[in-house]
Amino acid sequence: MKLKNNRYFKIGAALLLVFIVVVVVWQLLMSLKSHQLLTNADYARKAGKPLPVSTVMAQRGKLDSIVAATCTARESARVGLSVDIGGSVINVNATLGDVVSQGQLLVKLDDAVLKAALQNTKEAELTLKILKDELDPFIADVRGLRNKSLVPVTALLDAIDMQRRAELDLIRVRGERIKAEANIRNTSILAPISGVLTRLEVAVGAVLRPYEEFVVLSQLDPIWLECNFAVDALPVINDFDKASASFPAYQGKARAVVLEKILPVADESTHAIVAQFSLPNKEQSLLPGMQAVVRLNKVVEGVQIPAVCLINPDSDSANVFVIDEDKVARFLKVGIGRYAQGYVEVKSGLENGQRVVVVGQGSLQDGDRVIDERVEDIDLGIARTLFPAPSR
């Protein structure tokens, strides 16, 4: 009897264990089914249930749009130097690649012959001046004699002609003296601008020929940056609040720059928009060939959503799904503007406060019922981290 009772007890325990296992498995299956309905849009659609989505609220705020481009520094002007008169070089005061200041002596020519010619010109000018000074009272005397009819009129005319020739000779010699002084000054070749010597083809003892370029000076203050921007950055290039440049060679310190011009034709090889910026370079520490990154900032205020909400975006429009009060998805076309930090400006078609699908829109159709797992209204800075998207 006791043995029989033990057997019944074991059977009952086994049945109870089977029942518990069945209940647990059934609960797991129900939980899995519920999870599938809440997370798998295809499963929910087949089951005729609302589709699971996540939404964010369209919010009005400030959008800091930034576009950047890699740029190359180059001179803002190029000046070639030559001499009006030839001469022998007696001193070269700079070397190729030197950074020089405006007015700095670069090359000195031999001026001994020019100084001798200048001295001769000065002596001739002095002689003619003395002659002119002597002729002035002489003419006055001849006029007086002519007025008394003591000398013929030809004598007065000859005296006046002599005076005029003396005056013309004096003017000519003065011009030669001024030119000789200028020629002597020009034997000292000075830097007309501050910059770097990018060409210097001269040596002591060489003879320079007139009008042959032997020095090229590249202006560095201001220095120009030539940048290649993507074509879709053109709206920002034409309308930005702030522009700055940073140079890796100087630990990326930001410097304000000024837009000088946008080239009318895109780069043929890259199809990029070429823009040129300038910035002060008084210390001339920035040199041609240096690389920099120029950033253009534009702050706009308006309705914005995460860029990952967009469906089939083009340059100025896209589609989104919004969820209405009845938990029904509506497919809308919206006008879009600037992108920044994973967000996009919505210019039209969407109002502040509307719920926009951010996860699950790929499985939606217009009119679908949904279960809305809301990404509640969080700080936009945090949202940009949660929903990153490439800015452009």
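What comes next concerns the included structure. This is a predicted model, so every value here is computed, not measured.

**Focus on the packing of helix α3 (residues 112-147) against helix α4 (residues 153-185)**
- For the pair α3 and α4, interaxial distance at closest approach is 8 Å and the crossing angle is 160 degrees. Taken together, the axes of α3 and α4 lie roughly antiparallel to each other. Here α3 and α4 pass one another in a crossing that is left-handed.
- Tallied by class, the residues present in the contact of α3 with α4 amount to 20 nonpolar, 3 polar and 14 charged.

**Some points on the sheet that holds strand β6 (residues 188-190)**
- Within the open sheet, the 4 strands sit side by side as β6-β5-β3-β8. Their pairing is antiparallel. Pairing within the sheet leaves two strands with one partner each, and these edge strands are β6 and β8 (207-208).
- For strand β3 (residues 87-92) and β8, the ladder comprises 2 bridges, and the chain directions are antiparallel. Of the residues in β8, the one forming a bridge with S88 is V207.

**Focus: the pattern of salt bridges**
- Enumeration over the complete set of coordinates arrives at 19 salt bridges.
- The shortest N-O distance in the salt bridge between R74 and E226 comes to 3.2 Å. Placement of the pair is R74 in strand β2 (residues 59-81) and E226 in strand β9 (residues 215-229), with a sequence separation of 152 residues.
- Between K298 and D241 there is a salt bridge; the shortest N-O distance is 3.3 Å. Of the two residues, K298 sits in strand β14 (residues 291-306) while D241 sits in the loop between α5 (234-238) and β10 (242-246), which places them 57 residues apart along the sequence.
- Judged by its relative accessible area of 13%, K298 is buried.
- For D241, a relative accessible area of 47% gives the class partly exposed.
- What you see here is one network of salt bridges that share partners, running through R78, R199, E201 and E213.

**Regarding the environment of L168**
- Residue position: L168 is located in helix α4.
- Judged by its relative accessible area of 57%, L168 falls in the exposed class.

**Re the pairing of β14**
- Both β2 and β14 contribute to a ladder of 14 bridges, which runs antiparallel. In the sheet register, A68 faces β14, and the bridge partner there is R295.
- Bridge count between β10 and β14: 5 bridges; the pairing is antiparallel. Note on β14: the bridge partner recorded for S244 is R295.
- The pairing of β14 with strand β17 (residues 343-348) spans 4 bridges and is antiparallel. From the neighbouring strand, I305 faces β17, where its bridge partner is V344.

**Brief notes about the state of the cysteines**
- Evaluation of the coordinates by the stated rule reveals 1 disulfide.
- In this model C71 forms its disulfide with C227; the gap between the sulfur atoms is 2.0 Å. Sign of the S-S torsion, about 110 degrees for the bond between C71 and C227, identifies this disulfide as right-handed. In this pair, C71 sits in strand β2 while C227 sits in strand β9, placing the two residues 156 residues apart along the sequence. Per residue, the accessibility class of C71 equals that of C227, and both read buried.

**Observations regarding α3**
- Its 36 residues give α3 an end-to-end C-alpha distance of 53 Å, which sits within 8% of 52 Å, the value for a rise of 1.5 Å per residue.
- When α3 is considered as a whole, its buried residues turn out to be L118, T121, E125, L128, L135, I139 and V142.
- S149 occupies a position one or two residues after α3 and carries a positive phi of about 60 degrees.

**Observations regarding the pairing of β17**
- Where strand β16 (residues 329-340) and β17 come together, 4 bridges link them in antiparallel fashion. Following the sheet pairing, Y339 is matched in β17 by V344.
- Where β16 folds back on β17, the antiparallel hairpin that results is connected by 2 residues, among which Q341 adopts a positive phi of roughly 50 degrees.

**So, the nonpolar core**
- With 26 residues, the main nonpolar core has L225, C227, F229, F247, F277, V294 and L296 as its most contacted residues.
- Put simply, the parts of the chain that give this core at least two residues each are β2, β9, α5, β10, β13 (273-279) and β14.
- Ignoring sequence-local partners within four residues, the contact set of F247 consists of L225, G252, K253, R255, L279, L286, M290, Q291 and A292.

**Digging into the packing of aromatic side chains**
- If you walk through the whole model with that rule in mind, you get 2 aromatic pairs.
- Against the face of Y250 rests R255, its NZ or CZ located 5.4 Å from the ring centre.

**Notes on the environment of S54**
- Position of S54 among the secondary structure elements: in strand β1 (residues 51-57).
- Sequence separation between S54 and Q361 is 307 residues, and the spatial gap between their C-alpha atoms is 8.8 Å.

Parameters and conventions
- Residues numbered from 1 in each chain as written.
- Predicted model: local features only at pLDDT ≥ 70, side-chain atom pairs only at ≥ 80, totals over all residues.
- Heavy atoms only, no water.
- Axes fitted to C-alpha atoms, helices over the stretch in contact; angles between N-to-C directions.
- Helix = DSSP H or I, 4+ residues; strand = E, 2+ residues; numbered from the N terminus.
- Parallel < 35°, antiparallel > 145°, perpendicular 65-115°, else oblique.
- Left-handed = near helix turned anticlockwise from the far one by under 90°.
- Nonpolar A, V, L, I, M, F, W, Y, C, P; charged D, E, K, R; others polar.
- Pairing = 2+ DSSP bridges.
- Salt bridge = Lys/Arg side-chain N within 4 Å of Asp/Glu carboxyl O.
- Buried < 20%, exposed > 50% of the residue type's maximum accessible area, 1.4 Å probe, protein only.
- Disulfide = S-S within 2.5 Å.
- Expected span 1.5 Å × (residues − 1).
- Core = buried A, V, L, I, M, F, W, Y, C linked by side-chain atoms within 4.5 Å.
- Contact = heavy atoms within 4.5 Å.
- Phe/Tyr/Trp six-rings, centres within 6.5 Å; stacked < 30°, edge-to-face > 60°.
- Lys NZ or Arg CZ within 6 Å of the ring centre and 35° of its normal.

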